Amino acid sequence: MIGKKIKPFWKYSPWLDSTKTNLFRDEFQLIDDLKIDSWLEESNDYFKPLELYRWIDQNNGVHMFYRGLARYAPMFKVIGYHGQEVLWISPPPSGHGNAIYMVMGYDKDQQLRLVGGNYFTAPKHKSGTVVSGASFFKQYDLANEFNQIQLVKATVETSIQPEDESLVLHIRSECEHFHTMAIYITVLTDPGSMFHAGKAVIEGVRPADFSYEFFGEIK
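Procedures and definitions
Residues numbered from 1 in each chain as written. Predicted model: local features only at pLDDT ≥ 70, side-chain atom pairs only at ≥ 80, totals over all residues. Heavy atoms only, no water. Helix = DSSP H or I, 4+ residues; strand = E, 2+ residues; numbered from the N terminus. Buried < 20%, exposed > 50% of the residue type's maximum accessible area, 1.4 Å probe, protein only. Contact = heavy atoms within 4.5 Å. Areas by Shrake-Rupley, 256 points an atom, 1.4 Å probe, with all protein chains shown as cover. Lys, Arg positive; Asp, Glu negative; His and termini not counted. Charge placed at Lys NZ, Arg CZ, Asp CG, Glu CD. Axes fitted to C-alpha atoms, helices over the stretch in contact; angles between N-to-C directions. Parallel < 35°, antiparallel > 145°, perpendicular 65-115°, else oblique. Nonpolar A, V, L, I, M, F, W, Y, C, P; charged D, E, K, R; others polar. Pairing = 2+ DSSP bridges.

K.L.:
Before we move on, could you go through the overall build of the protein chain and cite the residues and values that matter?
P.N.:
Along the backbone of the protein chain there are seven helices and seven strands. Burial status across the protein chain gives 42% buried among its 219 residues. By sequence separation, contacts in the protein chain at least 24 residues apart represent 66% of the contacts at least 6 residues apart. As displayed, the protein chain offers around 13,600 Å² of accessible surface, 53% of which is attributable to carbon and sulfur atoms. Computed over 22 positive and 27 negative side-chain charges, the inter-centroid distance for the protein chain is 10 Å.

K.L.:
Help me get a handle on the packing of helix α5 (residues 133-142) against helix α6 (residues 145-159), residues and values and all.
P.N.:
At a closest axis distance of 9 Å, the pairing of α5 and α6 adopts a crossing angle of 155°. Classified by the angle their axes make, α5 and α6 are roughly antiparallel. Here Phe136, Gln139 and Tyr140 of α5 come into contact with α6, specifically with Gln148, Leu151, Val152 and Thr155. Residue composition of the contact of α5 with α6, by class: four nonpolar, three polar and no charged.

K.L.:
A description of the pairing of strand β4 (residues 112-120) should follow, citing residues and the corresponding values.
P.N.:
Of all nine residues in β4, seven are buried; the element is thus mostly enclosed. With seven bridges joining them, strand β3 (residues 99-106) and β4 adopt antiparallel strand pairing. Directly across from methionine 104, in β4, lies its bridge partner leucine 114. Counting the residues between successive antiparallel strands, the hairpin from β3 to β4 contains five residues, one of them, glutamine 110, with a positive phi of roughly 60°.

K.L.:
A description of the sheet that holds β4 should follow, citing residues and the corresponding values.
P.N.:
Taken in spatial order, the four strands of this open sheet run β4-β3-β5-β6, and their pairing is mixed. The open sheet terminates on both sides in strands that have one partner only, identified here as β4 and β6 (193-199). Each strand of the sheet is rotated relative to its neighbour by a mean of 15°, with strand direction disregarded. Both β3 and strand β5 (residues 182-188) contribute to a ladder of six bridges, which runs parallel. Paired with alanine 99 across the bridge in β5 is alanine 182. Of the strands in this sheet, β3, β4 and β5 are in contact with helix α4 (residues 62-72), which crosses β4 at around 20°.

Here you go:
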């Protein structure tokens, strides 16, 4: 029996649309703004981007990062008044519990690479030494798929620092509430690793229909 072909949804993903607002695009937009008005960063911590996203930008990895999101986080519309697109979310493919892990870094040939998937569950901080990008990708290339998944899991979980645990819990809680996947990102650098997490949510428009407003007693 011939299996059903999967539509290449990632080629048309709203992650790839620069007009769509999301947590990650906000970070990269701030970084671009600071290239013009660098004084903003010194004036207020609000304008200080997270170092993980600064590294991705400095290493020309932004397009790769969005391609990863497009493949790992299939997005579906949430429709509001008059059929307008209010949000996009990425429900867990298994129905419950899936999380996205992404690992980015340079291999031994100084090639920037990104690997990951949405087979995972919420991570837990584990003690251990995070390997360099070159070491990680050497192990990854020699492993079978099962061991590749375990390597990505171990790398993300050991990159989580104690101060990140509240973020992990917060993101997990929000994603479970709104039935979308959490995204856990690790960047491997020579000095060490960087970690951050976010929600698979893309913002749409804010439609209004005042005819739905109501106040009164229900009988």
